[in-house]
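Here are the chains, one letter per residue:
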Amino acid sequence: KNDYKMALIEHAFSWSFMIHIPIIISSFFIEIPYLSFVYSITLVINMCIHAFVDNLKANKKKINLVTDQIIHLFQVVITGTIYLLLCRM
């Protein structure tokens, strides 16, 4: 009955980690203030949002694929914007 929950969490973590890879690579060349703290917070928040949205789409059938993808796109844009703003500090 609840077997899907672990796969959902693993997928959400994987996706959240992958969208941070360019930021991790950039941090070798550009100093990003508070990187560890902001990375940890954004990773966890993105993971929770991703799992919640995917659950709404796949299990609860409350949203469709287009809405799911738009929300994930906004996650990427907002995460990138946070890091761009930090680089300006």
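The structure we're discussing is the one just above.
What comes next concerns the included structure.

What counts and how
Residues numbered from 1 in each chain as written. Predicted model: local features only at pLDDT ≥ 70, side-chain atom pairs only at ≥ 80, totals over all residues. Heavy atoms only, no water. Patch = residues over 30% accessible without salt bridge, like charges linked within 9 Å, V, L, I, M, F, W, Y side chains within 5 Å. Areas by Shrake-Rupley, 256 points an atom, 1.4 Å probe, with all protein chains shown as cover. Salt bridge = Lys/Arg side-chain N within 4 Å of Asp/Glu carboxyl O. Lys, Arg positive; Asp, Glu negative; His and termini not counted. Charge placed at Lys NZ, Arg CZ, Asp CG, Glu CD. Helix = DSSP H or I, 4+ residues; strand = E, 2+ residues; numbered from the N terminus. Axes fitted to C-alpha atoms, helices over the stretch in contact; angles between N-to-C directions. Left-handed = near helix turned anticlockwise from the far one by under 90°. Contact = heavy atoms within 4.5 Å. Nonpolar A, V, L, I, M, F, W, Y, C, P; charged D, E, K, R; others polar. Polar contact = N/O pair within 3.5 Å; in protein donor to acceptor, adjacent residues only side chain to side chain. Buried < 20%, exposed > 50% of the residue type's maximum accessible area, 1.4 Å probe, protein only.

Moving on to a positive patch on the surface. Taken together, the side chains of Lys-1, Lys-5, Lys-60 and Lys-62 define a basic patch exposed on the protein surface. Residue placement: Lys-5 occurs in helix H1 (residues 4–26).

Remark: H1 packs on helix H3 (residues 65–87), axes separated minimally by 11 Å, with the N-to-C direction vectors making an angle of 35°. Our pair here, H1 against H3, has a crossing hand that is right-handed. In contact with Trp-15, Ile-19, His-20 and Ile-23 of H1, H3 contributes His-72, Gln-75, Val-76, Thr-79 and Tyr-83. Here the residues of the contact of H1 with H3 are counted per class, giving five nonpolar, four polar and no charged.

Before going further, it helps to examine the side chain of Ser-16. Its location among the elements puts Ser-16 in helix H1. In terms of polar contacts, Ser-16 uses its side chain to reach the backbone amide nitrogen of Met-47, at 3.0 Å. With residues up to four places along the chain from it excluded, the contact list for Ser-16 reads Leu-43, Asn-46 and Met-47.

Right, let's talk about the pattern of salt bridges for a bit. Going through the model one piece at a time under the given rule, you end up with one salt bridge. With a shortest N-O distance of 3.8 Å, Lys-57 and Asp-68 are connected by a salt bridge. Taken together, the residues span a long stretch of sequence, with Lys-57 in helix H2 (residues 35–58) and Asp-68 in helix H3 at a distance of eleven residues. For Asp-68, a relative accessible area of 1% gives the class buried.

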